[in-house]
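Below, each chain spelled out in residue letters.
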Amino acid sequence: METIPEKPFGQEPMSTDPRHFRAYRMKRRWQETHDTFTIELAAMDGSEPVNFAPGQFNMLYVFGQGEVPISISGDPRQPSALTHTVRAVGSATKSLRRLKAGEGLGVRGPYGSPWPLEGARGNDVVVVAGGIGLAPLRPALYELLHRRADYGQIVLLYGTRSPTDILYRKELARWRARFDLETLITVDRATDGWHGHVGVVSTLISKASFTPANTTALICGPEIMIRFTALALEKRGVTPENIYVSLERNMKCAVGFCGHCQFGPLFVCRDGPVFSYPRVKGLLAVREV
Amino acid sequence: MKSLVIERTDLEKLFSTLVGRGYRLIGPTLREAAIVYGEIKTVNDLPIGWTDGQAAGQYRLQRRGDAALFGYNLGPHSWKKENLPPSLRLFSAERRDQSFVIIEEPADELPMAFIGARSCELHAISIQDRVLMQGPFVDPTYARRRNQTLVIAVNCGQAGGTCFCVSMKSGPQATQGFDIALTEVLDGHRHYFLTEVGTTRGAEILNDVPHRAARDVEKAAAQRIVDRTAATMGRKLYTGGLKEFLYSAYENPHWDDVAARCLSCANCTMVCPTCFCTTVEDVTDLSGAHAERWQKWDSCFTADFSYIHGGSVRSSTKSRYRQWLTHKLATWMDQFSTPGCVGCGRCITWCPTGIDITQEVVSLRERQPGRKEQSDGEP
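Just so we're clear, the structure is a prediction, and the values are computed from it rather than from any experiment.

### Looking at the overall build of chain A
Then comes step 1: The helix and strand inventory of chain A stands at five helices and 15 strands.
Then comes step 2: Here the C-alpha atoms of chain A give a radius of gyration of 18 Å, agreeing with the 19 Å that 2.2 N^0.38 yields for 289 residues.
Then comes step 3: Principal-axis analysis of the C-alpha atoms gives chain A an extent of 50 × 45 × 40 Å.
Then comes step 4: A fraction of 71% describes how many contacts in chain A between residues 6 or more apart in sequence connect residues 24 or more apart.

### As for the confidence of the model for chain A
Then comes step 1: When pLDDT is averaged across chain A, the result is 92; 94% of the residues are at 70 or more.
Then comes step 2: Contacts from residues 1–15 of chain A, a stretch scored under 50 in pLDDT, to residues over four places away or in other chains number 35 contacts.

### Side note on the interface of chain A and chain B
Then comes step 1: In this complex, chain A contributes 45 residues to the contact, which on the side of chain B involves 54 residues.
Then comes step 2: Across the interface of chain A and chain B, roughly 3,800 Å² is buried in total on both sides, 57% from carbon and sulfur atoms.
Then comes step 3: Sorting the residues of chain A by area buried against chain B places A:Phe63, A:Phe257 and A:Glu288 first, and these three jointly supply 22% of that buried surface.
Then comes step 4: Counting every contact that joins chain A to chain B gives one salt bridge.

### Notes on empty space enclosed by the protein
Residue and element names in this part refer to chain B.
Then comes step 1: As enumerated under the stated definition, the model contains nine cavities of 30 Å³ or more in all.
Then comes step 2: Approximately 150 Å³ is the volume found for the largest cavity.
Then comes step 3: If you trace the largest cavity, you find 18 residues lining it, with Cys-262, Cys-268, Tyr-321, Cys-351 and Ile-355 closest to the centre.
Then comes step 4: Secondary-structure elements contributing two or more residues to the lining of the largest cavity are helix 9 (267–271) and helix 10 (317–336).

### Considering the nonpolar core
Then comes step 1: Grouped together as the largest cluster of nonpolar side chains are 105 residues, with contacts concentrated most on B:Trp324, B:Leu325 and B:Leu329.
Then comes step 2: Residue contacts for B:Leu329: discarding those within four places in its chain leaves B:Met168, B:Leu237, B:Leu242, B:Lys243, B:Leu246, B:Cys341, B:Ile357 and B:Val361.
Then comes step 3: Ranked by size, the runner-up nonpolar core spans 31 residues in total, among them A:Val125, A:Leu144, A:Leu181 and A:Val187.

### Concerning the packing of helix 8 (residues 254–261) of chain B against helix 10 of chain B
Residue and element names in this part refer to chain B.
Then comes step 1: Contact geometry for helix 8 and helix 10: axes closest at 8 Å, N-to-C directions at 105°. Between helix 8 and helix 10, the interaxial angle falls into the category roughly perpendicular. Every residue of helix 10 that contacts helix 8 at Trp-255, Asp-256, Val-258 and Ala-259 is listed here: Thr-317, Lys-318, Tyr-321, Arg-322, Leu-325 and Thr-326.
Then comes step 2: Class assignment for the residues of the contact of helix 8 with helix 10 results in five nonpolar, two polar and three charged.

### Quick notes on the side chain of B:Thr358
Residue and element names in this part refer to chain B.
Then comes step 1: Position of Thr-358 relative to the elements: it lies in helix 12 (residues 357–367).
Then comes step 2: Residue Thr-358 is classed as buried on the basis of its relative accessible area, which comes to 4%.
Then comes step 3: In terms of polar contacts, Thr-358 uses its side chain to reach the side chain of Asp-356, at 2.5 Å.
Then comes step 4: The residues touching Thr-358, leaving out its near neighbours within four places in the chain, are Phe-164, Arg-235, Lys-236, Leu-237 and Ile-348.

### A look at the domain arrangement of chain B
Residue and element names in this part refer to chain B.
Then comes step 1: Here chain B is described as being made up of domain 1 (3–231) and domain 2 (242–367).
Then comes step 2: Centre-to-centre separation of domain 1 and domain 2, based on C-alpha positions: 25 Å.
Then comes step 3: The interface is formed by 40 residues belonging to domain 1 together with 39 residues belonging to domain 2.
Then comes step 4: Together domain 1 and domain 2 conceal approximately 3,400 Å² of surface at their shared face, both sides included; 61% is due to carbon and sulfur atoms.
Then comes step 5: Area buried by domain 1 at its contact with domain 2 is led by Lys-80, Ile-127 and Phe-164, which between them contribute 17% of it.
Then comes step 6: Our count for the contact surface shared by domain 1 and domain 2 stands at two salt bridges.
Then comes step 7: When the shortest N-O distance is used, the salt bridge between Glu-121 and Arg-346 registers 2.5 Å.

### With respect to the layout of surface pockets
Then comes step 1: Its boundaries defined by the atoms lining it, the second largest pocket holds a volume of some 500 Å³.
Then comes step 2: Forming the walls of the second largest pocket are 28 residues, and the residues nearest its centre are A:Asp17, B:Leu90, B:Phe91, B:Glu104 and B:Glu105.
Then comes step 3: Counting residues per element, the ones that place at least two in the lining of the second largest pocket are strand 1 (22–31) and strand 6 (104–111) of chain A together with strand 6 (87–96), strand 7 (99–104) and helix 4 (140–148) of chain B.
Then comes step 4: In the lining of the second largest pocket, the residues fall into 14 nonpolar, four polar and 10 charged.

### Describing the sheet that holds strand 4 (residues 66–71) of chain A
Think of a sheet as strands paired side by side through backbone hydrogen bonds, with each pair either parallel or antiparallel.
Residues and elements named next belong to chain A.
Then comes step 1: Sheet architecture is open: six strands sit in the order 4-3-6-1-2-5, paired in antiparallel fashion. Where the open sheet ends on each side, the last strands, each with one partner, are strand 4 and strand 5 (82–87). Along the sheet, successive strands turn relative to each other by an average axial angle of 40°, direction set aside.
Then comes step 2: Of the pairings in the sheet, the one linking strand 1 to strand 6 comprises four bridges and is antiparallel in character. What sits directly across from Ala-23, in strand 6, is Gly-106.
Then comes step 3: Strands in contact with helix 1 (residues 91–98) are strand 1, strand 2 (36–43), strand 3 (57–62), strand 4, strand 5 and strand 6; relative to strand 4, the strand with the most contacts, it is inclined by about 85°.

Conventions we followed
Within every chain, residues take consecutive numbers counted from 1 along the sequence as written. Here every chain gets a letter starting at A, and every ligand a number starting at 1, in the order they are written. Under the rules for a predicted model, residues below a pLDDT of 70 receive no local features and side-chain atom pairs below 80 are neither given nor counted, while totals for whole chains, interfaces and linings still include all residues. Only hydrogens and water are set aside when side-chain values are computed; all heavy atoms of the structure are taken into account. Numbering goes from the N terminus for both helices and strands, where a helix is a DSSP run of H or I of at least four residues and a strand is a run of E of at least two. The globule rule is 2.2 Å times the number of residues to the power 0.38, and the radius of gyration it is compared with is taken over C-alpha atoms. Throughout, a residue-residue contact means that at least one pair of heavy atoms, one from each residue, lies within 4.5 Å. Every residue gets a pLDDT, meaning the predictor's confidence in that residue, from 0 to 100. Summed over both partners, the accessible area (1.4 Å probe) lost when two parts come together is defined as the buried area. For this analysis, a salt bridge means a side-chain nitrogen from Lys or Arg found within 4 Å of a carboxyl oxygen belonging to Asp or Glu. In this analysis the probe radius is 1.4 Å and the grid spacing 1 Å, with only protein atoms considered; a cavity is a set of points the probe fits into but cannot get out of, a pocket is an open set with protein on both sides within 12 Å along at least five of seven lines, and lining residues have an atom within 4 Å of a point. Grid points are joined across faces, edges and corners, and a volume is the space filled by probe spheres set on the points. Side-chain atoms within 4.5 Å link the members of a nonpolar core, which is a set of buried Ala, Val, Leu, Ile, Met, Phe, Trp, Tyr and Cys residues. We call a residue buried when its accessible area falls under 20% of the maximum for its residue type, exposed when it is over 50%, and partly exposed in between, using a 1.4 Å probe and counting protein chains only. Lines are fitted to the C-alpha atoms to define the axes, a helix being fitted only along its stretch in contact, and any angle between axes, read from their N-to-C directions, falls within 0 to 180 degrees. Oblique is the label for every angle not falling under 35 degrees (roughly parallel), over 145 degrees (roughly antiparallel), or within 65 to 115 degrees (roughly perpendicular). Ten residue types, Ala, Val, Leu, Ile, Met, Phe, Trp, Tyr, Cys and Pro, are classed as nonpolar, four, Asp, Glu, Lys and Arg, as charged, and the remainder, Gly among them, as polar. Two N or O atoms form a polar contact when they lie within 3.5 Å of each other; inside protein one atom must be a possible hydrogen donor and the other a possible acceptor, and for residues adjacent in sequence the pair counts only when both atoms belong to side chains. Either an automatic procedure or a domain database provided the assignment from which the domain bounds are taken. Two strands pair if DSSP finds at least two bridges between them.

This is how it looks when you write it as structure tokens:
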């Protein structure tokens, strides 16, 4: 078994009570798709921003409504604009959507393991996202592009259910216009006006240009998508040790106390959410682990 | 370790000394047709003369025919209900303008003294310590309770029908985790406690309790009791290669067999002294101005436990039982360098259908596809 941890960018020491919040307020919120929105938060007391590493997540608490783990989707070089992209599917995420600008919420974190961007230096990087799985990968893309010269080819493969589910449209348009980033998008179901690729995201792997032997792959999306994407990358010749996946499990505490996020011997909150593929490959093949 | 003797008649003085020093005594007492742990004041609150008959899915109080104070094994309660309460408010919050303020919980409860903790339970406590206070994060409520709690252990004078602490190397003799350890000796007309001191705190308490050095014959009598207990375990579990075996047994056909008997009721996780899983509930009052967060025991046997958007990760009973058993005996070792089972047998006794973890392991080994005769089972 191999571990990833890279040093997060100057992570601040935590409070002695790991369940202690910092007070934040909603700065602004905008709708990304019909069920997904992005929020930008600011520390209530105007204190120094807490740095984070791409791939990490926060626990967001809405007064009396509940708490939910949400990956950070903003630019790690601009931590003062704490950014989360949220799909409104449960009571906590829906109450997050109802928060108005200026209203308070609790934030604790950042938690979890980051994407191994340092270790990928000199390699081609293939980023594969399914649905809202693009959110925890966006900070990695920002950082890769900040340090563009450190990497070889950079490829973004993004799949959603339908064209209306595509996140970050303006940004994607800008990224598609770049010559130093190959962006391919696919949808499971096309609708009128869609002229792009149709099919699951793993079908894009054969279309992208990268050198498998020198490639680091970062994958986030539904578990079934992760599994088949990793297999397809392996088949194309990417070394399993260079494939990283971000997993999702129920989380209540984010610090390894509550037991909910266990995945075999792993605590997704503490050992993950980003894992090297060989560490989880066997478990991914078992139903209902 | 120096052995002492406290006479039965002087034991009350131990209790009153602890009370006098501000300890809240938590110990075994008769309630709801079982021996449970609750607040006690005097020796008379102990289940004097009672014992517990235990088998898979069965627990019965029985008269002993003597006046033993600790002549039972284990009830449905464990000390985790004191260290990690079943329901605990983590904080309150009040609305202020557009935001809210957090009101921390006061830490004003009296220190506790556990009376009558068994060796397997001391091991269970140290396992929970690893989870909640010895990792990268510390649960401050748990740590506070643990650090101020005094532990008086009792070595088991008999083995219960579902006990297998010998297999798990966690008993029956208390070897760690106590301030004072007692072995109850009823020898004809004599009734005394062979006493060992585990900490300076324990030694200091004993300064106020009449005692004397133990004679060799008394030490030998106490040792015979513990040895007899060790030799008469109700169950055994062969642990050789067990972790590796269970990692290879995710697709074993026997899980379906257990699932047909398991009600997914969560009893085993509630009575288990090492199970640490919790959930949180956020509530508000009717005005919506006051909110609270409660931490409550949770169980990997519920559908909610593994719920993420789209459904429960473990929707089948089979997957939940597999998670529980595999966690106890395999993945726990990789997480915390110890098994999550101490062989107390509570999960066997309190399972409404009598599912027996020791027997399920035997069946799993027998039914493992590709198993070579004699290679996996007990030699």
